[in-house]
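For reference, the chains in residue letters:
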Amino acid sequence: VSLSKKQAFNFCEMSCLTRDQEVCTMAWGDPHETELSALLSVCVCVTQVLIGCLNGRVKTFSTEKGIFTESRECGDLSQGRFTGLAVMDSSLITCVESGLLKVWNEGSSNTAEINVGTGVCRMRQNPSQRHHVATGGKENPLKLWDLQRPDKSIFTAKNVANDWLDLRVPVWVRDIAFIQDSNKIVTCTGHHQVRVYDPSSPQRRPVLETQYGEYPLTTLSLPADQASVVVGNTHGQLAILDLRKGLVRGCIKGLAGGVRGLQCHPSLPVLASCGLDRFLRVHSLKDRTLQHKVYMKSRLNCVLLSSRDLEVSAQTPNDGPTKCAHIEEAGDLADSVQWDEVLETRQGFVLLLWARVDLTSGAKICSGSAASALLHMFSDALA
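Every value quoted in this text rests on a predicted model; they were computed, and no experiment measured them.

**Things to note about the confidence of the model for the protein chain**
Right, on to step 1. With 75% of its residues at a pLDDT of 70 or more, the protein chain has an overall mean of 78.
Right, on to step 2. Of the regions scoring below 50 in pLDDT, residues 309-383 engages in 218 contacts with residues more than four places distant in sequence or in other chains.

**What about the pairing of strand β25 (residues 270-275)?**
Right, on to step 1. Buried residues dominate β25, accounting for six of its six residues.
Right, on to step 2. Neither face of β25 is open: one carries Val270, Ala272 and Cys274, the other Leu271, Ser273 and Gly275, and all of them are buried.
Right, on to step 3. Alignment of strand β24 (residues 259-264) against β25, held across five bridges, turns out to be antiparallel. In the strand pairing of β25, Val259 is matched with Gly275.
Right, on to step 4. The loop that links β24 with its antiparallel partner β25 comprises five residues.

**Focus on unusual backbone geometry**
Right, on to step 1. In this model, Asp166 sits at a positive phi of 65°, which is unusual for a non-glycine residue.
Right, on to step 2. As for its placement among the helices and strands, Asp166 is situated in the loop between β15 (155-156) and β16 (173-178).
Right, on to step 3. Positioned with a positive phi, Lys297 is a non-glycine residue whose angle comes to about 75°.
Right, on to step 4. Among the structural elements, Lys297 can be located in the loop between β27 (290-295) and β28 (300-305).
Right, on to step 5. A relative accessible area of 17% places Lys297 in the buried class.

**Some thoughts on empty space enclosed by the protein**
The rolling of a water-molecule-sized probe over the atoms marks out the regions of remaining empty space.
Right, on to step 1. For the structure on display, the rule yields two cavities of 30 Å³ or more.
Right, on to step 2. Of the volumes computed, that of the largest cavity is approximately 70 Å³.
Right, on to step 3. Along the walls of the largest cavity sit Pro141, Leu142, Ala157, Lys158, Asn159, Val171, Trp172, Val173, Thr187, Thr189, Arg195 and Tyr197, which together make up its complete lining.
Right, on to step 4. Elements represented by at least two residues in the lining of the largest cavity include exactly β14 (140-146), β17 (185-189) and β18 (193-197).
Right, on to step 5. A class-by-class count of the residues in the lining of the largest cavity yields seven nonpolar, three polar and two charged.

So, how was this worked out
Residues numbered from 1 in each chain as written. Predicted model: local features only at pLDDT ≥ 70, side-chain atom pairs only at ≥ 80, totals over all residues. Heavy atoms only, no water. pLDDT = per-residue confidence, 0-100. Contact = heavy atoms within 4.5 Å. Buried < 20%, exposed > 50% of the residue type's maximum accessible area, 1.4 Å probe, protein only. Helix = DSSP H or I, 4+ residues; strand = E, 2+ residues; numbered from the N terminus. Pairing = 2+ DSSP bridges. 1 Å grid on protein atoms, 1.4 Å probe; cavity = no way out; pocket = protein on both sides within 12 Å on 5 of 7 lines; lining within 4 Å. Points joined across faces, edges and corners; volume = space filled by probe spheres on them. Nonpolar A, V, L, I, M, F, W, Y, C, P; charged D, E, K, R; others polar.

Have a look at this one:
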């Protein structure tokens, strides 16, 4: 996506898209955002993204070549959707809704399997200790796993005390994040709760709990200061919560549908969001103003930001020219034109999005469905 030109560039083959190619989750090929060639072998300096699809395949997309370079079968529809992807050393980590977490070792057909419990909604990797992953879901409490000792979880959260009617509080972990330079983990739930856990303390219940709104929270992201968290819910509401006092710092307005993806830039006060209203939005976290808004034509699932500057040369695939759709602010589409220019991001970052096939129309559509987006943005105005 070019925010300045309101253009979206589609790198997938639209003629063969099916519903089971919906993208569920994304992750960088390695911690340094470079290629993991053949998914698990030689590391070279090409930016790659791992994409988990509904049909159980994990694909590798090259942002430099603009094509999918690898594909691997890592599950099937009977096991549920992918809830998380990660890379540890040269191994690929996958987790699905049924609770099957697998570590695909390099150069070996053998995989290590862990049963983390059914109903998993999210699996996240600790960026500072990459052999640690956290899982949680519906009636599946937060658990912390050491993949070097996978026999038993090293931390299992305890449910909070009964409510004022002395009824059990249901468990529904929707998203997880690790607070940097700390042992703490923050979660959001389908019962509009935000909780902070400290696995290093003897207390297994949350050390901080707060609530936002009245609707299920779907996703969260930690800004660069790590002192707050941005959460989104099913009604398109975004809020910034203070992790020290549990108070709402402010709300971000403008969304019209459920929030599916949030990503704060690692160093800039910038938030990218996407969801069911089919818009990509970029907000400033300083004053919570809308900086960019692009209509993407289909419902969006994921957003991924790079932490480093890239110089990207986009090339057309071998099977034909790459097309870009000019997108107006109101959503009117102009004629498609061929994209043959070089996009460079010297002071910005790369944003990648995928969305699912539009199930309402049943069509094999358009720029959101398994589409990659290269974002040229943020010059001195946001520096």
